[in-house]
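Structure assessment
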Amino acid sequence: MRFNQLVPELSVSDIEKSKRFYTDVLGFRIEYERVEDKFVFLSLGEAQLMINEINGHWETGKLEYPLGRGINFQIEIDHLEEFVARIKEKGVVLFKDIFTSKYRCDGICYVEKEVLIQDPDGYLLRFSETLEEE
């Protein structure tokens, strides 16, 4: 397995609930887990994410819902509309329904479809699909 150079690790309140959400609802794959540490390493395509149950080792302050305020995680996927239909069927409430954004970078304009959801602890996840480059 190749590890990305940056892999976010999210502290979660209930490892089993979060693991089910990321795998059963969103379609992430478990790469490995350390059950005794309540830790799971997940992937979806090329995206990698670690989750661990709050344990007192990583907290820099009081944790309260929604966790991760001030950050969102962009995850590039194919077939965004199919993904959204599937997660809605599983009861996911969208934080923001599908929208289109344009991002200019080095003279190229990237057009992306995006959707925002929150995980069980309130972390904001932005799933996106690149439509075209202008």
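Please refer to the structure higher up on the page.
**A few points about the overall build of the protein chain**
- The helix and strand tally for the protein chain stands at 2 helices and 8 strands.
- Element order for the protein chain, N to C, with α for helix and β for strand: β-α-β-β-β-β-α-β-β-β.
- A compact globule built from 134 residues should have a C-alpha radius of gyration of about 14 Å, and the protein chain, at 16 Å, falls within 12% of that.
- In terms of its C-alpha atoms, the protein chain occupies a principal-axis envelope of roughly 50 × 35 × 30 Å.
- Long-range contacts, defined here as pairs at least 24 residues apart, represent 53% of the contacts in the protein chain between residues at least 6 apart.
- Taken as two groups, the 17 positive and 27 negative side-chain charges of the protein chain have centres that lie 3 Å from each other.

**Things to note about the packing of aromatic side chains**
- The final tally for this structure, using the stated rule, is 6 aromatic pairs.
- Ring geometry for tyrosine 32 and phenylalanine 39: centres 5.9 Å apart, planes at 35°, overall tilted.
- Given a relative accessible area of 30%, tyrosine 32 falls into the partly exposed group.
- With relative accessibility at 3%, the residue phenylalanine 39 sits in the buried group.
- When the centroid spacing of 5.2 Å and the interplanar angle of 15° are considered together, the rings of tyrosine 32 and phenylalanine 41 count as stacked.
- Site record: aromatic cluster; members linked through ring pairs are Phe3, Tyr32, Phe39 and Phe41.

**Section: helix H1 (residues 15–25)**
- Taken as a whole, H1 has its buried residues at Ile15, Ser18, Lys19, Phe21, Tyr22, Thr23 and Val25.
- Between a side-chain oxygen at the N-terminus of H1 and the backbone nitrogen of glutamate 16 the separation is 3.1 Å; the capping residue is aspartate 14.
- Following H1 by one or two positions, glycine 27 has its phi on the positive side, about 90°.

**Focus on the environment of glycine 70**
- You can see glycine 70 is positioned in the loop between strand S4 (47–53) and strand S5 (72–76).
- As for glycine 70 and tyrosine 123, which are separated by 53 residues in sequence, their C-alpha atoms are 9.4 Å apart.

**Looking at the sheet that holds S4**
- Taken together, the 4 strands give an open sheet; going across it, the order is S1-S4-S3-S2, and neighbouring strands pair in mixed fashion. This sheet does not close on itself; its edge strands, each paired only once, are strand S1 (9–12) and strand S2 (29–34). Sheet twist, expressed as the average angle between the axes of neighbouring strands with direction ignored, equals 25°.
- Summarising the sheet, strand S3 (residues 39–44) and S4 pair through 6 bridges and their orientation is antiparallel. Along S4, the bridge assignment pairs valine 40 with isoleucine 51.
- Running over the sheet, H1 touches S1, S2, S3 and S4 and is turned about 160° from S4.

**Focus on the pattern of salt bridges**
- Under the definition given, this model contains 11 salt bridges.
- A salt bridge links arginine 34 to aspartate 37; its shortest N-O distance comes to 3.0 Å.
- Residue classification places arginine 34 among the partly exposed positions, given a relative accessible area of 33%.
- Here lysine 62 and glutamate 64 are joined by a salt bridge, their closest N and O atoms 3.5 Å apart.
- Several salt bridges share partner residues, and in doing so they unite Glu16, Lys19 and Glu33 into one network.

Cut-offs used in this document
- Residues numbered from 1 in each chain as written.
- Predicted model: local features only at pLDDT ≥ 70, side-chain atom pairs only at ≥ 80, totals over all residues.
- Heavy atoms only, no water.
- Helix = DSSP H or I, 4+ residues; strand = E, 2+ residues; numbered from the N terminus.
- Rg over C-alpha atoms; globule rule 2.2 N^0.38 Å.
- Contact = heavy atoms within 4.5 Å.
- Lys, Arg positive; Asp, Glu negative; His and termini not counted.
- Charge placed at Lys NZ, Arg CZ, Asp CG, Glu CD.
- Phe/Tyr/Trp six-rings, centres within 6.5 Å; stacked < 30°, edge-to-face > 60°.
- Buried < 20%, exposed > 50% of the residue type's maximum accessible area, 1.4 Å probe, protein only.
- Polar contact = N/O pair within 3.5 Å; in protein donor to acceptor, adjacent residues only side chain to side chain.
- Pairing = 2+ DSSP bridges.
- Axes fitted to C-alpha atoms, helices over the stretch in contact; angles between N-to-C directions.
- Salt bridge = Lys/Arg side-chain N within 4 Å of Asp/Glu carboxyl O.

Everything listed is a geometric property; what it means functionally is a separate question.
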